[in-house]
Amino acid sequence: MPATDDDTLLPFSLPSICQKKVTAAFDGGRISSDGGVLLLAGADKRLGLVDTLAAIIPDYRDQTQITHTMSDILRARILAIASGYPDADDLDDLRKDPAFKLACGRLPESGDDLASQPTMSRWENAPDLRTLIRLTYAMVDLWCGSYWRPPKAITLDIDDTADTVHGHQQLSLFNAHYDERCFLPIHVYDAATGHCVLTILRPGKTPDGREVRAHLRRLVRRIRRHWSDTRITIRGDSHFGRREAMDWCEKNGVRYIFGLAPNPVLAAQVFAKTDAVCVRRAIGNLDVVRDYVATRYAAKSWSHPRRVVARIEATRKGLDVRYVVTNITYGTPAWLYDDLYCARGQAENLIKRHKSQLASDRTSCRSPLANQMRLILHTAAYWLMRMLRDAIPKPQPLASGEFSTIRLRLLNIAVRIKETASRVRLAFAANCPDAELFIDLVGALILRPRERWGGCPVETRPDQPLAPHRYGLKCGSTSSGGARPM
């Protein structure tokens, strides 16, 4: 954050060192503690993310009388979230920060300050339902556009997470499992790249079959507009293994593998294998014995029997049996469970980054539309952090670092910024431990014309965001009608 010019902050003293007096004052000039935000600005420019989202939100203001464009407002908010400032209140201080002003395309001293908290909050609450639908579709389109060509197959991990609330927000419900009043937003991730495809705010209860089917239908149909021949596999726990969802996937050529809750009928069908596993462990006096078995099972509500795989594990503490249901006809039971299904556990780590390290659980607005807008903003910040991490060379330890570590090492670094008549000079600390890596990232994200991100090359030119008319808006239009609900 910038040093203040307030003269009321008097100098102060610190304990002496080696018989020398130590004094201090907040008079260092235009210094920012977030010099690395320029890397995020470079990532955004290459991706065209903020400009794409801003073009979709209707702006009813007189464009000749405004200081902050929609792109300026969203860019400052998203960069602040990625840099560790998740609340709009933080913009009251950051709006004068020279590094953030540079990142948003304004001169650090002579340029106008960025938008303040009231402006940020006003636009977070402005989008209506149809605008939020278009923004969600745009995020899916940008993810699809990140591939050079349609992939042969993709795997999407779908999961929800408890988002605890502390007020009377609409859609918040008491959830007995978490023993809290919360939302249960849905997250969808690309398993190959860890990219966040979609976040949907929803009530704090387990989704039923019709809701799961509706979410999958809209997402898959949007993906099919880009990739008509790509094989899509949906992975999820037993929350999402609903009859309606499985029937829809089978009718529309989508593969799935979902967790399945145990019941006496299933236990009876795999009893012979579980008994053999327990006997092997007891006779051999082993710590653990694991085996797998596939069977055909049909619940009363199912339209037909489906393939169920059971993972059976006997230990000294007892027997543990887990089930998954799938329409994938090939592969051994061990491969289906260990290699395919259990890999969805990585989605929980990705949700942790999204929720904890980017504070996407700050859904404190009363209106669910405003809270959905916040989820979109935090997802955009996730994209920028993901792009920054992917630009780090693989031999570097930070290439596999958490977002919080990358923020500490590369974003929250001090810089002195001085503006003259002909140039703007940035002076970073001479002893910055990651100076060489920072210079490499400047070249990769800012100076080079195109680069790979998210595991795939960027197909959309950074200076050409997706056209707003694709989401029901004509260029320059302020109409908000005509979109299908996501």
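Quick notes on the rules
Residue numbers run consecutively from 1 along every chain, following the written order of its sequence. The predicted nature of this model means local features are confined to residues of pLDDT at least 70 and side-chain atom pairs, given and counted, to a pLDDT of 80 or more, with totals for whole chains, interfaces and linings taken over all residues. No hydrogens and no water enter the side-chain calculation; it runs on all heavy atoms of the structure. Starting at the N terminus, helices and strands are each numbered in turn, a helix being any DSSP run of H or I of at least four residues and a strand any DSSP run of E of at least two. Burial here depends on accessible area, computed with a 1.4 Å probe over protein chains only, as a share of the maximum for the residue type. Under 20% is buried, over 50% is exposed, and the range in between is partly exposed. Two residues form a contact once any of their heavy atoms are found within 4.5 Å. In this description, strands pair whenever DSSP reports at least two bridges between them. Contacts described as polar in this section are N or O atom pairs within 3.5 Å, which, within protein, must combine one atom able to donate a hydrogen with one able to accept it, while residues neighboring in sequence count only if both atoms come from side chains. Here a salt bridge means any side-chain nitrogen of Lys or Arg lying within 4 Å of a carboxyl oxygen belonging to Asp or Glu.

Draft legend 1. Representation of the environment of L260 within the structure. Relative to the helices and strands, L260 resides in strand β11 (residues 255-260). Taking relative accessible area as the criterion, L260 reaches 15% and is therefore assigned buried. Here the alpha-carbon distance between L260 and F240, two residues 20 residues apart in the chain, equals 9.3 Å. The contact partners of L260, leaving out residues within four places of it in the chain, are S238, L266, Y297, W302, V308, Y323, V324 and V325.

Draft legend 2. Structural view of the sheet that holds strand β6 (residues 173-175). Strand order in the open sheet formed by three strands is β5-β7-β6, and the pairing between neighbours is antiparallel. The open sheet is flanked by β5 (163-164) and β6, the only strands paired with a single partner. Relative to strand β7 (residues 180-183), β5 runs antiparallel, the two sharing two bridges. Bridge pairing in β7 places T164 opposite C182.

Draft legend 3. Up close: the side chain of E313. One can find E313 in strand β13 (residues 306-315). For E313, a relative accessible area of 19% puts it in the buried group. A polar contact of 2.6 Å, which involves the side chain of E313, links it to the side chain of R290. Discounting chain neighbours no more than four positions away, the residues touching E313 are V288, V289, R290, G318, L319 and D320.

Draft legend 4. Expanded view of the side chain of E124. Within the element layout of this structure, E124 appears in helix α6 (residues 117-124). Exposure remark for E124: the relative accessible area of 3% places this residue in the buried category. Polar side-chain contacts of E124 include one of 3.1 Å to the side chain of R374. Setting aside chain neighbours within four positions, we find E124 in contact with R77, A370, M373, R374 and L377.

Draft legend 5. Representation of the sheet that holds strand β15 (residues 415-419) in the model. Spatially, three strands are ordered β3-β15-β16 in an open sheet, and the strand pairing comes out antiparallel. Of all strands in the sheet, those with a lone pairing partner are β3 (31-32) and β16 (424-428), marking the two edges. As judged from the five bridges shared by β15 and β16, these two strands associate in the antiparallel manner. Among the inter-strand pairings, V415 is bridged to a residue of β16, identified as F428.

Draft legend 6. A look at the environment of W302. Turning to its location among the elements, W302 is positioned in the loop between β12 (288-297) and β13. Among the residues examined, W302 registers a relative accessible area of 11% and is labelled buried. Linking W302 and M246, residues 56 residues apart in sequence, is a C-alpha distance of 9.1 Å.

Draft legend 7. Looking closely at the pairing of strand β4 (residues 153-160). The element β4 is extensively covered by neighbouring structure, given that seven of its eight residues are classed as buried. As defined by bridge partners, β4 adjoins strand β10 (residues 231-236) across five bridges and the pair is classed as parallel. By the bridge assignment, D157 is partnered in β10 with R235. Strand direction decides the pairing type here: β4 and strand β8 (residues 186-190), joined by five bridges, are antiparallel. Note that in β8 the partner of I158 across the bridge is V188.

Draft legend 8. Seen up close, the pattern of salt bridges. For the coordinates displayed, the defined rule picks out 25 salt bridges. In this structure, E124 and R77 form a salt bridge, with 2.5 Å as the shortest nitrogen-oxygen distance. Of this pair, E124 sits in helix α6 while R77 is found in helix α3 (residues 70-82), placing the two residues 47 residues apart along the sequence. What makes R77 buried here is its relative accessible area of 3%. With a closest N to O distance of 3.4 Å, R290 and D338 form a salt bridge. Taken as a pair, R290 in strand β12 and D338 in helix α12 (residues 333-341) lie far apart in primary sequence, 48 residues in all.

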